[in-house]
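As a plain string of letters, each chain reads:
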Amino acid sequence: MSTTICQVMGFVVSSLGFAGCIAATGIDMWSTQDLYDNPVTAVFQYQGLWRSCVRQSSGFTECRPYYTILGLPAMFQAVRALMIVGIVLGAIGLLVSIFALKCIRIGNMEDSAKANMTLTSGIMFIVAGLCAIAGVSVFANMLVTNFWMSTASMYQGSMQTIQTRYTFGSALFVGWVAGGLSLVGGVMMCIACRGLVPEETNYRAVSYNASGRNISYKTTPYKAGTGYESEAKSKKISTYDDTARSDDGKRSYPSKYDYV
């Protein structure tokens, strides 16, 4: 019962993490404009993995997708690739885990096959969670580096120049939480795999042979004996020898009728 609960809980948690990875990849607020020390608040800018948007104080929002791939920074493209790989692995793991649930029976599938499928889906969820966490962390590192570089350039010289700085958006926190959920769900699926594996017991039969006065133990297939087989064999051999000798004796002493 505990194995089934652990497997179902891992499946639910991993599903929530997979949905969070999809949501984080599609949200446009990966980086938002920092309004601290910015006198211009009528325009608010934010960027995502696929487009950049501008929202005015009147409520009008305009988004412009990235029309180039080669023109984007290499780290930005790496973040895209990590999130896409995490989503693909999560989708495959979710599909495999559905058929691996212990409460679902498909034909004559054995528990060992379900255990292998559960372990496979758990590993996929773990790798998907690590990809999501790595992608969000790399993007956060880019934001921190650009933020402090912009801050340093703003306060150089006697005149303060106004530059647009970006800080963490809501998509980063969603990605971190989703990656953590996928990681935890994958670990729970791997733990549930141990309870699904059938226990293999190998017993070695111990037999004994009571022959005469002592008892000898064997671990190999045995043939029960009574201890009188050797005597019976000796009796047969002795009977055969006596018969042969009696026949020889009869032949060695000819009778008086042999010369008639």
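Everything here concerns the structure above.
Keep in mind it's a predicted model, so treat the numbers as computed, not measured. All chains use their own residue numbering, which begins from 1 and follows the written sequence. Whole-chain, interface and lining totals are the exception, using all residues; otherwise, since this is a predicted model, local features are given only for residues with pLDDT of at least 70 and side-chain atom pairs are given and counted only at 80 or more. In computing side-chain properties, one takes all heavy atoms of the structure into account and sets aside hydrogens as well as water.

What about the sheet that holds strand S5 (residues 166-168)?
Part 1 of the reasoning: Strands were regarded as paired on the criterion that DSSP finds at least two bridges between them. Per the convention used, a helix needs a DSSP run of H or I reaching at least four residues, while a strand needs a run of E reaching at least two, with both numbered from the N terminus. Overall, antiparallel pairing links the 5 strands, which are arranged S4-S3-S2-S1-S5 in an open sheet. Edge positions in the sheet fall to strand S4 (61-65) and S5, since each of these pairs with one other strand and no more. On average, adjacent strands in this sheet sit at an angle of 25° to one another, irrespective of strand direction.
Part 2 of the reasoning: Examined bridge by bridge, strand S1 (residues 31-33) and strand S2 (residues 43-47) share 2 bridges and lie antiparallel to one another. The partner of Ser31 across the bridge, within S2, is Gln47. For helices, the fitted line uses only the C-alpha atoms of the stretch in contact; every axis is such a line through C-alpha atoms, and the angle between N-to-C directions lies from 0 to 180 degrees.

Here we look at the pairing of S2
Part 1 of the reasoning: Throughout, exposure labels follow a simple rule: accessible area from a 1.4 Å probe, protein chains only, divided by the maximum for the residue type, with under 20% read as buried, over 50% as exposed, and the rest as partly exposed. On S2, burial follows the alternation: Phe44 and Tyr46 on one face are buried, whereas Val43, Gln45 and Gln47 on the facing-out side are not.
Part 2 of the reasoning: With 5 bridges joining them, S2 and strand S3 (residues 51-56) adopt antiparallel strand pairing. The residue bridging Gln47 from the neighbouring strand is Ser52, located in S3.
Part 3 of the reasoning: Counting the residues between successive antiparallel strands, the hairpin from S2 to S3 contains 3 residues.

Re the environment of Ser2
Part 1 of the reasoning: As for its placement among the helices and strands, Ser2 is situated in helix H1 (residues 2-26).
Part 2 of the reasoning: Residues Ser2 and Gly195, spaced 193 residues apart in sequence, show a C-alpha to C-alpha distance of 8.6 Å.

Observations concerning the pattern of salt bridges
Part 1 of the reasoning: Should a side-chain nitrogen of Lys or Arg be within 4 Å of a carboxyl oxygen of Asp or Glu, the pair is scored as a salt bridge. Applying the stated criterion to the full structure yields 2 salt bridges.
Part 2 of the reasoning: With its nearest N and O atoms 3.3 Å apart, the salt bridge here joins Arg165 to Asp34. Residue Arg165 is found in the loop between helix H3 (111-154) and S5, and its partner Asp34 is found in the loop between S1 and S2; the two are separated by 131 residues along the sequence. You'll find Arg165 and Asp34 in the same group, each marked buried.

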